[in-house]
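Here is what each chain is made of, one letter per residue.
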Amino acid sequence: MANAHWTIEGLPWDKLDPAKASPDMLKLAKAAALVEYNGHIYADYLCNVFREDPVFCDVVRQWAIEEVQHGEALGTWASRVDPSWDFQAAVSRFREGYQIDVAAMDSKRGSRAGELVARCIVETGTSSYYTALAEATDEPVFKQICKHIAADELRHYKLFYDHLKRYLASEKLNRLQRLMVCLSRINETEDDELSYAFYAANYWTRPYERVENNAEYTSLAYSFYRPHHVDRMVGMVFKASGLKPHTWLHNWAAKFAYKRMHQKAETARLAA
C-alpha cells in the first residue's frame, strides 16, 4: 500500500490552469486538504483501538501515509491556485479548533468490527465525493488529484472491508447492528469536523459559526453529486452492512438518498 503509485511531484503541474478552478471548488479543496492531512492522527486512534493486532496497525500506518499525501496534494494545488493561502497555517488553525480524542482505547462503535464498519463508510463517502469532484471540474490538475484520491479511497474501503470480515468471525455483529453503525457514521458527516475545516480553511478571520459554516459547506459539497455517484455509494454502504446491493431495496435507497441529499443542499443554500 505504499504511495509510490503516484506522487505529488509527478502531477501535471505544467497544465495547471487557475482560471478553470472555480471559487467553490477551491473552498472545498482547501477544507478537504485539512481533513485528509490529519490521517496520521486517526491512525493513532485506530492503533489504540486495535492495539492487540500489530498486523492491522501496520496496515493503518501505511493507510495514513496515503491520507496525508492526499492532504498535501490538495493543499499544494490550492496554494498554487491561491498563492495568498498558507496551507500549514490553515492546518494549525484546524488542529487548534478541532481535536480528535486519540487517547481513547476502545471504539465508540462498541466493538472493533463496528469500528471497521464505520471506516468502510468513511471511505465510501470520500471515494464518491472525489469522484463527483473529478467529474465536475475542468481544471486538469485538480481533476487528476481527485481521480487519484478516489481510487485510493476505494482501495482503502476494500482494505477495511477485508479486515472487517476477519473480525466478524469473532465479533458477531448482525446486519441490523452493522446498518445502525453505518447510519450513525453517515449522520456524523454533519458534525463539527467538516464545518470547522471549511471555516479554518476559508473564513478564519471571523468568528466560527457552526450552523452557517456547515450550511455553506453542505450546499457546495452536495451540489456536485449525481445519481450514479449516490447509487454507487449506497451499494458500498449495503455491502458494509451485510445487505445485498443491486436489489429493489438498493434502488429505492439510492433514489431516496439522492433526493434527501439535494433537499439538504437546497435547505443549506437558503440558510447560508
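What this report covers is the structure whose coordinates are included nearby. (Residues numbered from 1 in each chain as written. Predicted model: local features only at pLDDT ≥ 70, side-chain atom pairs only at ≥ 80, totals over all residues. Heavy atoms only, no water.)

For the rest of this paragraph, the subject is the packing of aromatic side chains. What the rule picks out here adds up to 18 aromatic pairs. Pairing F50 with Y167 gives two aromatic rings, centres 5.4 Å apart and planes at 80°, and the pair type is edge-to-face. Of this pair, F50 sits in the loop between α2 (39-49) and α3 (54-81) while Y167 sits in helix α6 (residues 140-168), placing them 117 residues apart in sequence. Just as F50 is buried, Y167 falls in that class too. For the pair F198 and Y217, a centre-to-centre distance of 5.8 Å together with 65° between the ring planes defines the contact as edge-to-face. A residue pair is termed long-range when its members are at least 10 positions apart, and F198 in helix α8 (residues 192-202) and Y217 in helix α9 (residues 210-222) qualify at 19 residues. (Phe/Tyr/Trp six-rings, centres within 6.5 Å; stacked < 30°, edge-to-face > 60°. Helix = DSSP H or I, 4+ residues; strand = E, 2+ residues; numbered from the N terminus. Buried < 20%, exposed > 50% of the residue type's maximum accessible area, 1.4 Å probe, protein only.)

Let's shift gears to a nonpolar patch on the surface. A cluster of nonpolar side chains, L176, M180, L183 and I186, forms an exposed patch at the surface whose accessible area comes to about 380 Å². Along the polypeptide, I186 turns up in helix α7 (residues 175-187). (Patch = residues over 30% accessible without salt bridge, like charges linked within 9 Å, V, L, I, M, F, W, Y side chains within 5 Å. Areas by Shrake-Rupley, 256 points an atom, 1.4 Å probe, with all protein chains shown as cover. Salt bridge = Lys/Arg side-chain N within 4 Å of Asp/Glu carboxyl O.)

For the rest of this paragraph, the subject is helix α1 (residues 23-36). A rise of 1.5 Å per residue sets the reference length of α1, with its 14 residues, at 20 Å; its end C-alpha atoms lie 20 Å apart and thus fit the reference within 8%. The buried fraction of α1 amounts to 11 of the 14 residues, a majority that puts the element mostly inside the structure. Looking only at α1, the buried set comprises M25, L26, L28, A29, K30, A31, A32, A33, L34, V35 and E36. (Expected span 1.5 Å × (residues − 1).)

Following the sequence through the fold, S111 ends up in the loop between α4 (87-97) and α5 (112-136). Its relative accessible area of 18% is what places S111 among the buried residues. From its side chain, S111 meets the backbone nitrogen of G114 in a polar contact 2.9 Å long. With sequence-adjacent residues up to four places away left out, S111 is seen in contact with E171 and L173. (Polar contact = N/O pair within 3.5 Å; in protein donor to acceptor, adjacent residues only side chain to side chain. Contact = heavy atoms within 4.5 Å.)

Topologically, T124 is positioned in helix α5. Given the relative accessible area of 1%, T124 is considered buried. Among all residues touching T124, those that are not within four sequence positions of it are Y157, M233, M236 and V237.

Inspection of the entire model under this criterion finds 11 salt bridges. The closest approach of N and O atoms between R155 and E66, which form a salt bridge, is 3.2 Å. With R155 in helix α6 and E66 in helix α3, this pair connects stretches of sequence that are 89 residues apart. Judged by relative accessible area, which is 31%, R155 ranks as partly exposed. Owing to a relative accessible area of 0%, E66 belongs among the buried residues under this scheme.

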